Amino acid sequence: MSDPASHTHPEGRRGLIQILDIDTRLLGMVGAFVVICAAFQIWTGIRALPDFSWNPFAWIGAGRFLVPQNTFNIAVQTVSVAIMAAGMVFVIVTRHIDLSVGSLMALCSATMAVFQTEFMPKTLGLGLEHPLTAPLAVLLGILVGAAVGAFQGWLIGYQRIPSFIVTLGGLLIWSRVAYFVAGGQTIGPLDGTFLMLGGTNGTLGVGLSWALAAIAALGAGWALWSSRRAKLHHGFPVKPVWAEVTLIGIVVGLIAGFTAIINSNMVPPARLKRLFDARGEVMPEGYTEAYGIPISVLLLIIVALLLTVMALRTRLGRYIFATGGNPDAAELSGINTRLLTVKIFALMGGLCGLSAAVASARLSNHSLDIGTLDELRVIAAAVIGGTALAGGFGTVYGAILGALIMQSLQSGMAMVGVDAPFQNIVVGAVLVLAVWIDIQYRKRRGIKV
Amino acid sequence: MTGRGTPLVEMRDISISFGGIKAVDHVSIDLYPGEVVGLLGHNGAGKSTLIKCLSGAYQADAGEIFINGDKATIRNPRDARAYNIETIYQTLALADNLDAASNLFLGRELITPLGMVDDARMEAETRKIMGRLNPNFRKFKEPVSALSGGQRQSVAIARAVYFNAKILIMDEPTAALGPHETQMVAELIQELKRQGLGIFLIEHDIHAVMDLCDRASVMKNGQLVGTVNVNEVTDDDILGMIILGKKPAKAA
Ligand SMILES: Nc1ncnc2c1ncn2[C@@H]1O[C@H](COP(=O)(O)OP(=O)(O)OP(=O)(O)O)[C@@H](O)[C@H]1O
Ligand SMILES: [Mg+2]
């Protein structure tokens, strides 16, 4: 291996990571995430202790950051930005940008809210809480987003207007259109079934969560093994069996750990009592229940899986990366790069619609400032997650991890009482720092970008 | 050029200009099966632009293209591929961030029964064809940005050869190659010619043209100086055509 990085790492460590064939960049991001979590855990721990002592275990033990409830909240708060960041990866990979996602998300949210509170119950006379309201509303939101996205993609792909300009216009236009659609006011309460997309109002419960974790673990194991079998079938080199098993073990461990933490987040007794009262039952003494994995998080996982499969295993994905790497070569290879641009922006728009559903369900109404500044969070998440603005490189899981890192930073700072303006300063600095580290990393690995 | 049946390709009166500059000015060339036609001329003479009209990268402003005697409409690279026209571009046209196999199959991926791209099979096929064209090639996993100029060139050549082209366009295919690899490309051209392909070969090295080509068409300032049978002229004649823009008297 003539890899220059082999001179900068001690042999043993590099050897292990290389044998396991783990993306070192991903490892770096996970490392950063762990450092952030540990820092806030200790910080909140020190503040929670009645008197200060030089005992790190006490700090970590008393910390409030990694408790199940906060983990649950961060997961729920991350979903909306993470869904859009996953789509932004493909936009940036093809050397475009979408500045309109926050505004478009607001437009989708407003449309869905009006549909639920005006169109279905009043115009169609179906009343509130009709069973079709929630699914149709989500579908409508996704369609509106995809249609607007496709239109912007057409302006970019076929009319050759730079995406920066088209979506900058979109940023200004769609937020105002959203304002008029909503009649300039907050719209709520939204449909009860629809609210299940928001987080606490729709969770899988302990049993289903574990079932889901088992399916995920089996699926991950199967995916790793079958890719090994395909390699063996063609006589390509494979990792040693122990490395493969270790990797599967790590993945299964992560899935189980996450599920265990989420599953120990208990529903507050007052809330449980209200639920029982609503059903006309009496809550048994000492009854407890955990939330389990929120439906919105499940939604994010499904989106991430589908988009990752699209990126790595479909022609569409291959064409997106080829176009990002060399648009002329893609065109000369017979790829219709203009239509591809329309598809990418339509996908981005559809994801804005889905994200709008999650965000407005979490707030339980359409608020006027929904989506504000989200374009910056989304782009930052994708970039922190390793998407190269020069095009051609990016991963969905990276972008989601990027969104998670940003949300953790913000939640953590809010918990320890950092003022909002200062939070922005930190997030901005982290963004620039992340890109700088990425550039250094690529330099060392001899990757030109 | 009579008595040889219908030409595989006939480009008639092709013109194309870029904002006032006539890059190709009423040029007609043709190509028969099993024939190599060299395309020569100074830098900027219009050679690449002319063949890009055939490969679908550009659309001619005027003129017609006939494939096997039938009028062909080539609006984009997809159309050209449908006519079994394969092109090795001077710029190589590779996506730097993808590996050799993804580039070789770009736009024509092998897929599994489920419609997913079959990377393993594509890599296996790539190893096979590279084993034939460039046995020293080892970098199958790296993105092609990590390849040397010559290695990139062999990927581009493999892509053109793999898909059973009937018409092959090679725009300076040996520009980045070492002497041994250049020799291998020369042998490849002769083998493909025996298989009955028609090849347009853009080449600055007159000796290579004399060795490999049956006919040579010379361009100057977007216009066709003339087409000669290579075995009827000397390399000085061709050099004269390129520099002076005049056809030698005896071959006219
Ligand atoms: N896309 C384009 N836009 C504008 N002008 C162009 C374009 N492509 C080619 N030209 C011009 O057309 C002329 C012919 O260029 P072409 O690339 O065909 O030359 P060539 O014969 O292939 O030269 P070389 O031997 O250097 O490859 C040149 O004057 C060039 O500047
Ligand atoms: Mg040229």
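Calculation notes
- Residues numbered from 1 in each chain as written.
- Chains lettered and ligands numbered in written order.
- Predicted model: local features only at pLDDT ≥ 70, side-chain atom pairs only at ≥ 80, totals over all residues.
- Heavy atoms only, no water.
- Pairing = 2+ DSSP bridges.
- Helix = DSSP H or I, 4+ residues; strand = E, 2+ residues; numbered from the N terminus.
- Axes fitted to C-alpha atoms, helices over the stretch in contact; angles between N-to-C directions.
- Contact = heavy atoms within 4.5 Å.
- Parallel < 35°, antiparallel > 145°, perpendicular 65-115°, else oblique.
- Nonpolar A, V, L, I, M, F, W, Y, C, P; charged D, E, K, R; others polar.
- Donors = N, O, S within 2.8 Å, 3.2 Å for Na, K, Ca; no water.
- Buried < 20%, exposed > 50% of the residue type's maximum accessible area, 1.4 Å probe, protein only.
- Near = heavy atom within 4 Å.
- Polar contact = N/O pair within 3.5 Å; in protein donor to acceptor, adjacent residues only side chain to side chain.
- Phe/Tyr/Trp six-rings, centres within 6.5 Å; stacked < 30°, edge-to-face > 60°.
- Lys NZ or Arg CZ within 6 Å of the ring centre and 35° of its normal.

A.B. asks: How should the sheet that holds strand S1 (residues 9-18) of chain B be read in this particular structure?
C.D. replies: Sheet strands pair by backbone hydrogen bonding; their relative direction is either parallel or antiparallel. All names here are of chain B. Spatial ordering of the open sheet is given by S2-S1-S4-S5, a layout of 4 strands whose pairing is antiparallel. Each edge of the open sheet carries a strand with a single partner, namely strand S2 (21-31) and strand S5 (70-72). On average, adjacent strands in this sheet sit at an angle of 30 degrees to one another, irrespective of strand direction. With respect to the sheet, helix H1 (residues 47-55) is in contact with S1, S2 and strand S4 (62-67), its orientation differing from that of S1 by roughly 120 degrees.

A.B. asks: Hey, could you run me through the packing of helix H4 (residues 68-93) of chain A against helix H14 (residues 337-363) of chain A in this one?
C.D. replies: Working note: a packed helix pair is described by the angle between its axes plus the distance between those axes. All names here are of chain A. Two numbers describe how H4 lies on H14: the axes approach to 9 Å, and their chain directions differ by 175 degrees. Comparing their axes, H14 and H4 come out roughly antiparallel. Along the contact surface, H4 presents Val76, Gln77, Val79, Ser80, Ile83, Met84, Gly87, Met88, Phe90 and Val91, while H14 presents Ile344, Phe345, Leu347, Met348, Leu351, Cys352, Leu354, Ser355, Val358, Ala359 and Arg362. The residue inventory of the contact of H4 with H14, partitioned by class, reads 16 nonpolar, 4 polar and 1 charged.

A.B. asks: Mind showing me how you'd approach the coordination of the magnesium ion (ligand 2) here?
C.D. replies: Where a metal carries four tetrahedral donors, each ideal angle is 109.5 degrees; where it carries six octahedral donors, the ideal angles are 90 or 180 degrees. All names here are of chain B. At the metal site, the magnesium ion (ligand 2) is ligated by Ser48 (OG) and Gln90 (OE1), and these contacts range over 1.9 to 2.2 Å. Within this pair, whereas Ser48 is found in helix H1, its partner Gln90 is found in the loop between strand S6 (85-88) and helix H3 (100-104), the two being separated by 42 residues in sequence. Accessibility expressed as a relative area gives 18% for Ser48, which makes it buried.

A.B. asks: Any chance you could explain the sheet that holds strand S8 (residues 198-202) of chain B here in plain terms?
C.D. replies: Residue and element names in this part refer to chain B. If you walk across this open sheet you meet the 6 strands as S6-S7-S8-S3-S9-S10, and the pairing is mixed. Single-partner strands in this sheet number two, and they are S6 and strand S10 (223-229). With strand direction ignored, the average angle separating the axes of adjacent strands in the sheet is 15 degrees. Taken strand by strand, helix H5 (residues 149-162) contacts S6 and strand S7 (167-171), and its axis lies near 175 degrees from that of S6. Here helix H8 (residues 235-244) sits on the sheet in contact with strand S3 (36-41), strand S9 (215-220) and S10, set at roughly 20 degrees to S9.

A.B. asks: Would you mind going over unusual backbone geometry with me for this structure?
C.D. replies: Note on backbone geometry: most residues besides glycine have negative phi, and most peptide bonds are trans. We note that Ser364 of chain A has phi near 60 degrees; this positive angle belongs to a residue other than glycine. Its place among the elements puts Ser364 of chain A in the loop between H14 and helix H15 (374-384). Overall, the relative accessible area of 29% leaves Ser364 of chain A in the partly exposed class. Residues other than glycine seldom take positive phi values, yet Glu172 of chain B does so here, at roughly 50 degrees. Within the secondary structure, Glu172 of chain B sits in the loop between S7 and helix H6 (179-194). In this structure Glu172 of chain B comes out as buried when scored by relative accessible area, which is 14%.

A.B. asks: Hey, could you run me through the site of ligand 1 in this one?
C.D. replies: All names here are of chain B. The local shell around ligand 1 holds 14 residues, among which Asn43, Gly44, Lys47, Ser48 and Thr49 are the closest. Residue Asn43 places a side-chain N or O atom 2.9 Å away from an oxygen atom belonging to ligand 1. The separation between an oxygen atom of ligand 1 and a polar main-chain atom of Gly46 is 2.9 Å. For the shell around ligand 1, the leading source of residues is H1, giving 3 residues. Residues of the shell around ligand 1, tallied by class, amount to 4 nonpolar, 8 polar and 2 charged.

A.B. asks: Whenever I open this one, the packing of aromatic side chains confuses me. Can you help?
C.D. replies: Here the distance between the centres and the angle between the planes together describe a pair of aromatic rings. By the definition in use, this model includes 13 aromatic pairs over all chains. Each ring, one from Phe105 of chain B and one from Tyr162 of chain B, has its centre 5.0 Å from the other, and the planes form 70 degrees; the classification is edge-to-face. Taken as a pair, Phe105 of chain B in the loop between H3 and helix H4 (119-133) and Tyr162 of chain B in helix H5 lie far apart in primary sequence, 57 residues in all. Put simply, the rings of Phe40, Trp43 and Phe65 of chain A pair up and form one aromatic cluster. One cation-aromatic arrangement involves Arg176 of chain A over Tyr179 of chain A; the distance from NZ or CZ to the ring centre is 4.9 Å. Across from the ring centre of Phe163 of chain B, 3.7 Å away, lies the NZ or CZ of Arg108 of chain B, which sits over that ring.

A.B. asks: Looking at this model, I keep getting lost on the pairing of S4 of chain B. Mind explaining?
C.D. replies: Regular strands place side chains that alternate from one sheet face to the opposite one. Residues and elements named next belong to chain B. Bridge analysis of S1 against S4 gives 5 bridges, and the strand direction is antiparallel. The partner of Glu10 across the bridge, within S4, is Phe66. Two elements, S4 and S5, share 3 bridges in a ladder whose sense is antiparallel. Considered in S5, the bridge of Ile67 is made with Asp70.

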